[in-house]
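Listed below are the residues making up each chain.
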Amino acid sequence: MKKTAQKTMKNIIEGHGLSFLYQHFDEDGKVDFAQTALDGVDLEVEPGQFIAILGHNGSGKSTLARQLNALLLPSEGTLYVDGYDTRDESNLWNIRQSAGMVFQNPDNQIIASVVEEDVGFGPENMGIPTEDIWVRVEKALRSVGMWKMRSSSPNRLSGGQKQRVAIAGVIAMKPKCIVLDEPTAMLDPGGRAEVIRTVHELNRTEGVTVILITHYMEEVVDADRVIVMDQGKVVLTGTPKEIFSQVELLRKHRLDVPQVTLLAYELKQKGLDLPDGILSPEELLQNLDTLCGQRKQCDTETALQDTAQAADETARVVHKELRKSHTDEGRTEQIRIEHLNYIYDPGTAYERTALDDISLTIHNGEFIGIIGHTGSGKSTLIQHLNGLNRASSGRLLFSGEDIYSEGYPMRALRFKVGLVFQYPEHQLFESDVLKDVCFGPKNQGLSEEEALARAREAMRSVGLDESFEKKSPFDLSGGQKRRAAIAGILAMDPEVLVLDEPTAGLDPKGRDEILDLLKSLHEERNITIILVSHSMEDVANYVSRIIVMDEGRILYDDVPEKVFIHVKELESVGLAAPRVTYIMDALRRDSWDVDASVTTIAQARDEILRALGR
């Protein structure tokens, strides 16, 4: 291989005036569309640093990540990785040995049928001697806690385990830098924690430089430096405390802050003298205690008792109302599931029980969240609701009719129960948005005029005006694609809307827009909504009932406050409580008279103010 020049540099990554232009060419080879993804970016990363990059969908952060691995090359400017100029094609081999890349979906990186063989694939391609490869494989798998699973098939691993195998595959090539592009976007809370813990350990013990791109603000608080991007430019840079102190500015860039930071910010807005940029429950607790002086002596015993009684009464009222929303009083039974079982690959060596004796009832107009670890059976369950999967045994009744009975109109059921898949943009296929949204109503037998009317009404209801009608669905942003896919389902006028991780991969603003849209549809149309999510905060904020699944069975089925009380049990099955619940539990253990079962920022803010006599 040709020996290439390597500059001696202080920084492992150094970019100056970095720009990149996406271009689309017509049939004659002329540029008919161009979009600037990076615009004059300067970047310096020292060896051993942990850098986090934030930005909304389309801000340029993923384009920048691909520059660091030379998957994309600069249109203008220079970028050096470990002293190698990325514009020189002869440097590509060295650059990709220096900077390893971990993508959002581990399935895109895992190719072998056995874990240890997959991890050894990269070193083998590098020409490493066989005996050295196995040494690297063992070290890499041990470093991510996957050595015991070395002989397993990747297909049998959870999402978090697959992502750790993908990271091990990069580690085995001994890069100086690892670039992770939203590596936890598809994972449950337990899987997310595993991956972030692994990455921090590599950074601390091996000195590996880490560049993490994420939409989860909590994953950023321990970074050395945070870079915020918007419209292809770096708009903010600083420590996590410096960045998260600017709540309103981050909101303008479609981002948010960790829950503890937001809670402190909202308390400050209510008059409490708290510093900006609080990043941990311990820091918040310390500041609240300081603010109150010796808090236990700042009120009389009677005042504290009155506060506690008021809090308890409020909690009772809240729980009473929530319980009422979860009963069948005044509601029509819509879906009944009785002793449902589903087995994948029955009678083969790969036989696996995905649903185990599931029984539940769903009433008209409910807003339900389904949570569970990767592989718990969530997606399998919802695919039974409109007949995509047929139960191995048991019954499923829709409006009192058994959908497995002979002659049942399964096609009609799929119009009544609309299913939006995890990446709903994969459901888009027509040449323009209006045609795509019209597809369902036309299949229902509606006339062209009726289908167009339905489609336009559905588009308006999801916030897509007439300017979107002739746009290609593939030219839309991530959030707009989700809206178009949801509109396509709504145009069929379903009675039930089922969504499998509809906010996966969206920036915080896009996530909130989709969830607010679902809330609006629920309230205005009284449509039943079933939301599958890995975000405990999302379900806590929006749903009135949570179904928790584990190993194909229902673990809990109750209102959010009652489900999230079981923190240890949830953690044992790869889940968690909302961050704010942990914060309130810490306050409670410090003898604060607060209701530790609250699950939203608004509830927590009001509880703390009440405990302070505000």
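As the structure is a prediction and not an experimental result, all values here were calculated from the model.

Asks: Before we go on, may I ask you to explain the overall build of the chain in this structure?
Replies: Looking only at helices and strands, the chain has 22 helices and 20 strands in total. Against the globule reference of 25 Å for 614 residues, the chain gives a C-alpha radius of gyration of 26 Å, in line with a compact fold. Along the longest, intermediate and shortest principal axes, the C-alpha atoms of the chain span 75 × 70 × 55 Å. Taken over 614 residues, the chain has a buried fraction of 54%.

Asks: Even after reading the chapter, I still don't get empty space enclosed by the protein, so can you show me in this structure?
Replies: Here the idea is plain: a probe the size of a water molecule rolls over the atoms and shows the empty space left. Across all of its chains, the model carries two cavities of 30 Å³ or more by this definition. In this structure, the largest cavity encloses a volume near 70 Å³. For the lining of the largest cavity, the element with the most residues is helix H9 (residues 259–269), which contributes four residues. If you trace the second largest cavity, you find it lined by Ile337, Leu360, Ile362, Ile370, Leu381, Ile382, Leu385, Ile530 and Ile547. Take the lining of the second largest cavity: its biggest share by element is three residues, from helix H12 (residues 378–385). Of the residues contributing to the lining of the second largest cavity, the split by class is nine nonpolar, no polar and no charged.

Asks: How should the packing of helix H21 (residues 579–589) against helix H22 (residues 601–611) be read in this particular structure?
Replies: Between two packed helices, the angle of one axis relative to the other and the distance separating the axes together describe the packing. At a closest axis distance of 10 Å, the pairing of H21 and H22 adopts a crossing angle of 20 degrees. Looking at the two axes, H21 sits roughly parallel to H22. The chirality of how H21 crosses H22 is left-handed. Contacts between H21 and H22 pair Val580, Met584 and Leu587 from the former with Ile601, Ala604, Glu607 and Ile608 from the latter. Partitioned by chemical class, the residues of the contact of H21 with H22 number six nonpolar, no polar and one charged.

Asks: In this structure, what is going on with the layout of surface pockets? I would like to understand it.
Replies: Taken as a whole, the second largest pocket spans an internal volume of roughly 1,300 Å³. Lining the second largest pocket are 40 residues, and of these Asn57, Gly58, Leu476, Gly478 and Lys481 lie nearest its centre.

Asks: Would you take a moment to explain the pairing of strand S3 (residues 50–55) for this structure?
Replies: Note on strand geometry: in a regular strand, side chains alternate between the two faces of the sheet. Counted residue by residue, S3 has six buried out of six residues, so it is predominantly covered. Side chains of S3 alternate between two faces, with Phe50, Ala52 and Leu54 and Ile51, Ile53 and Gly55 buried alike. Of the pairings in the sheet, the one linking S3 to strand S8 (residues 209–213) comprises four bridges and is parallel in character. When the sheet's bridge partners are listed, alanine 52 is paired in S8 with leucine 212. With five bridges connecting them, S3 and strand S9 (residues 225–230) associate as parallel partners. Across the sheet, isoleucine 51 pairs through a bridge with arginine 225, a residue of S9.

Asks: When you look at the pattern of salt bridges in this model, what are you seeing that I'm missing?
Replies: Note that side chains of opposite charge can pair when their charged atoms are close. One pass over the structure, following the stated rule, counts 28 salt bridges. In this structure, arginine 254 and aspartate 507 form a salt bridge, with 3.5 Å as the shortest nitrogen-oxygen distance. Of the two residues, arginine 254 is situated in the loop between helix H8 (247–252) and H9 and aspartate 507 in the loop between strand S17 (496–500) and helix H17 (508–525); the sequence distance between them amounts to 253 residues. Of the residues examined, arginine 254 reaches a relative accessible area of 26% and is grouped as partly exposed. In this structure, arginine 483 engages glutamate 513 in a salt bridge whose closest nitrogen and oxygen atoms are separated by 3.7 Å. Linking arginine 483 in helix H16 (residues 478–490) with glutamate 513 in helix H17, this pair joins segments that are 30 residues apart in sequence. Glutamate 513 sits in the partly exposed class, given a relative accessible area of 27%. If you follow the salt bridges from partner to partner, you end up with Arg254, Arg483, Asp507 and Glu513 in one network.

Cut-off values and rules
- Residues numbered from 1 in each chain as written.
- Predicted model: local features only at pLDDT ≥ 70, side-chain atom pairs only at ≥ 80, totals over all residues.
- Heavy atoms only, no water.
- Helix = DSSP H or I, 4+ residues; strand = E, 2+ residues; numbered from the N terminus.
- Rg over C-alpha atoms; globule rule 2.2 N^0.38 Å.
- Buried < 20%, exposed > 50% of the residue type's maximum accessible area, 1.4 Å probe, protein only.
- 1 Å grid on protein atoms, 1.4 Å probe; cavity = no way out; pocket = protein on both sides within 12 Å on 5 of 7 lines; lining within 4 Å.
- Points joined across faces, edges and corners; volume = space filled by probe spheres on them.
- Nonpolar A, V, L, I, M, F, W, Y, C, P; charged D, E, K, R; others polar.
- Axes fitted to C-alpha atoms, helices over the stretch in contact; angles between N-to-C directions.
- Parallel < 35°, antiparallel > 145°, perpendicular 65-115°, else oblique.
- Left-handed = near helix turned anticlockwise from the far one by under 90°.
- Contact = heavy atoms within 4.5 Å.
- Pairing = 2+ DSSP bridges.
- Salt bridge = Lys/Arg side-chain N within 4 Å of Asp/Glu carboxyl O.

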